[in-house]
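# Fold and geometry: a report
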Amino acid sequence: MDWDPATPRVVCCGVSNKGAAIYNGKLFRTTLDAFVVALDMKTGKEVWKEKFAEWKEGYSSTGAPLIANGVLITGMSGAEYGVRGFLDGWDPDTGNKLWRRYTVPGPGEIGFETWPADTDAYRHGGGSTWITGSYDPGLDLVYWGTGNAAPWNPSLRSGDSLYTAGVVAIRPKTGELVWHYQWTPNDMYDYDGVNENVLADIKVDSQMRKVLMHADRNGFLYVLDRIDGKVIAAHPFEKMNWAERIDIASGRPVLTELSKRLIAGEEVEMWPGTRGGKNWAPMAFNPKKGLVYFSSLHRARVVKFVPLGEYKPGQRFVGAETKVPEVPPEEPWGYYMAVDPLTGETKWKVALSDFAFWAGMLATDGGLVFTGRQTGEFIAIDEANGEILWQFQTGSGINSSPITYTFKGRQYVTVLSGLGGLSAVAGTPVRQFVPSGGSVWTFVLLPE
Ligand code: CA
């Protein structure tokens, strides 16, 4: 069986899709031209297909949908094109839309006071939702990250620009907003806060707490109480010059002079750069060790704000010029590292001297951390020190996330191999010698 999404045009960042959701015999996915589709898992036939936005206005979707409390939830992309972000809730059986929760509030809604009252800036305010959220069935809350405020140049915006560059906690049945937290208030750095929020119950000051952990593009690793969104800890994991620290009492970043210099029209070197101190590839958590494992990106971006010009639907709308600064050859692309999320202490880190990692991490109970390299090697890392214990060449680059499962008493690890997305279009040097491709690899973990 096959099914062709028949996408008319690619809006941003290459042909990319981060996965599907499955539920009650159906497979759900989104498309680059802004549809949500349900397929019959046995026959591959389309059961329903609903348009959620107009792709010609810059709306698209690449993320995997989420099923929570019987509701299908989908996100969208496009904050570089002046979109207004949202999440949609659907009836998975029929495709009826149950609700829409905008991540940028409109007139009369709570949070609109963080936008200019007398303009339509909120209609182009960004806050896209292009990475799948996490669901806590016990609390019946879905946690979903929100992307950069738009345009990057904040001359049309004022205030914090809620709920962009943060996380929202919503009820899956209704889309009701229960709480929010903003990683980067009044974001002007393209610090999409969409990436994964890891849910765990951990001991904080000898008390078990329900937490949400998140390593943001802005360079901070956060631990929030996921019942109410209050900050428990926030520590930098990468070089940064936009903020000094997070004030735990207020939950707000203590800013440096960088934002003022940007707004004044100065060309500045910004750390982390627009790709962030960590991007979307998910981190792993080992509850026994109390450590998170992830790959950082160690790159600045030179940014200068320029006049915005007129908003034109479907056209890039950022009001900024950027370039990658000269980097000494010995400077690493990033690190893969193990960090204590509560103290911010780095237990170990390994420099990435050839290419950055764009693959997710997976921690197993047996003390391994699996991830992949853009050059195709699927690797197993010793969780104790970061040493590579095993590797296998998959034939193309890996920028997906491994999974593990047991079947008939044996544990398996599976990963997808095949370069795509931003690395396929952004002139990434690895593309010069790594072939594209699409394959799935499964390995069995044998006892010693
Ligand atoms: Ca962005």
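Quick note: structure is the one above.
Below you will find a few notes about this structure. Computed from a prediction, not measured in an experiment: that's the story for all the values here.

## Let's talk about the coordination of the calcium ion
Coordination of the calcium ion by the protein involves Glu 80 (OE), Glu 80 (OE), Asn 148 (OD1), Asp 190 (OD) and Asp 192 (OD), with metal-donor separations of 2.3 to 3.1 Å. On the primary sequence, the residues serving as donors to the calcium ion are separated as E-x67-N-x41-D-x1-D. Taken together, the positions of Asn 148 in the loop between β10 (141–145) and β11 (166–170) and Asp 192 in the loop between β12 (177–182) and β13 (198–204) put the pair 44 residues apart, joining distant regions of the chain. Under the relative-accessibility criterion, Asn 148 is labelled buried at 0%.

## Here's the deal with the environment of Thr 375
In this fold, Thr 375 is placed in the loop between β27 (368–372) and β28 (377–382). Residues Thr 375 and Ala 38, 337 residues apart in the sequence, show an inter-C-alpha distance of 34 Å. A distance of 2.6 Å separates a polar atom in the side chain of Thr 375 from a polar atom in the side chain of Glu 377.

## Let's talk about a nonpolar patch on the surface
A grouping of Ile 403, Tyr 405 and Phe 407 is seen on the molecular surface, where their side chains present a nonpolar patch of about 290 Å² in accessible area. Inspection of the secondary structure puts Tyr 405 in strand β30 (residues 403–407).

## Side note on the sheet that holds strand β24 (residues 334–339)
With antiparallel pairing, the 4 strands of this open sheet are ordered in space as β20-β21-β24-β25. Edge positions in the sheet fall to β20 (284–286) and β25 (346–352), since each of these pairs with one other strand and no more. Here the average twist between neighbouring strands, direction ignored, is 15°. Two elements, β24 and β25, share 6 bridges in a ladder whose sense is antiparallel. Paired with Tyr 335 across the two strands is Ala 351, which belongs to β25.

## Quick notes on the side chain of Asp 216
Secondary-structure assignment places Asp 216 in the loop between β14 (207–215) and β15 (220–225). Despite its burial, Asp 216 pairs with no opposite charge; the closest candidate is Arg 217, at 6.9 Å N-O. At 2.6 Å, the side chain of Asp 216 and the side chain of His 214 are in polar contact. Here Asp 216 is in contact with Trp 183, Thr 184, Tyr 191, Asp 192, Gly 193, Asn 195, Tyr 222, Phe 237 and Lys 278, once residues within four sequence places are set aside.

## Structural notes on unusual backbone geometry
In this structure, Pro 151 follows Ala 150 across a cis peptide bond, with omega equal to -15°. With respect to the helices and strands, the residue Pro 151 is situated in the loop between β10 and β11. Here the phi dihedral of Asn 24 falls at roughly 50°; this positive angle occurs in a residue that is not glycine. As for its placement among the helices and strands, Asn 24 is situated in the loop between β1 (21–23) and β2 (26–30). The exposed category is assigned to Asn 24, whose relative accessible area is 57%. Although it is not a glycine, Asn 69 adopts a positive phi angle of roughly 50°. Overall, Asn 69 belongs to the partly exposed group, its relative accessible area being 33%.

## Re the sheet that holds strand β9 (residues 134–136)
Spatial ordering of the open sheet is given by β9-β10-β11-β12, a layout of 4 strands whose pairing is antiparallel. What marks the edges here is a single partner per strand, and that holds for β9 and β12. Strand-to-strand twist in this sheet, taken as the mean axis angle between neighbours without regard to direction, amounts to 20°.

## So, the packing of aromatic side chains
Inspection of the entire model under this criterion finds 28 aromatic pairs. Ring geometry for Phe 392 and Phe 443: centres 5.1 Å apart, planes at 70°, overall edge-to-face. Placement of the pair is Phe 392 in strand β29 (residues 388–393) and Phe 443 in strand β32 (residues 439–445), with a sequence separation of 51 residues. Centroid distance Tyr 405 to Tyr 412: 5.5 Å. Interplanar angle 15°. Geometry classified as stacked. According to the relative accessible area criterion, Tyr 405 is partly exposed, its value standing at 33%. Aromatic ring contacts, followed pair by pair, group Tyr 181, Trp 183, Tyr 189, Tyr 191, Phe 220, Tyr 222 and Trp 242 into a single cluster. In this structure, Lys 49 is placed above the aromatic ring of Phe 35, and the distance from its NZ or CZ to the ring centre is 4.5 Å. Over the aromatic face of Tyr 335 sits the side chain of Lys 349, whose NZ or CZ is 4.1 Å from the ring centroid.

Criteria and cut-off values
Residues numbered from 1 in each chain as written. Predicted model: local features only at pLDDT ≥ 70, side-chain atom pairs only at ≥ 80, totals over all residues. Heavy atoms only, no water. Donors = N, O, S within 2.8 Å, 3.2 Å for Na, K, Ca; no water. Helix = DSSP H or I, 4+ residues; strand = E, 2+ residues; numbered from the N terminus. Buried < 20%, exposed > 50% of the residue type's maximum accessible area, 1.4 Å probe, protein only. Polar contact = N/O pair within 3.5 Å; in protein donor to acceptor, adjacent residues only side chain to side chain. Patch = residues over 30% accessible without salt bridge, like charges linked within 9 Å, V, L, I, M, F, W, Y side chains within 5 Å. Areas by Shrake-Rupley, 256 points an atom, 1.4 Å probe, with all protein chains shown as cover. Salt bridge = Lys/Arg side-chain N within 4 Å of Asp/Glu carboxyl O. Pairing = 2+ DSSP bridges. Axes fitted to C-alpha atoms, helices over the stretch in contact; angles between N-to-C directions. Lys, Arg positive; Asp, Glu negative; His and termini not counted. Contact = heavy atoms within 4.5 Å. Phe/Tyr/Trp six-rings, centres within 6.5 Å; stacked < 30°, edge-to-face > 60°. Lys NZ or Arg CZ within 6 Å of the ring centre and 35° of its normal.

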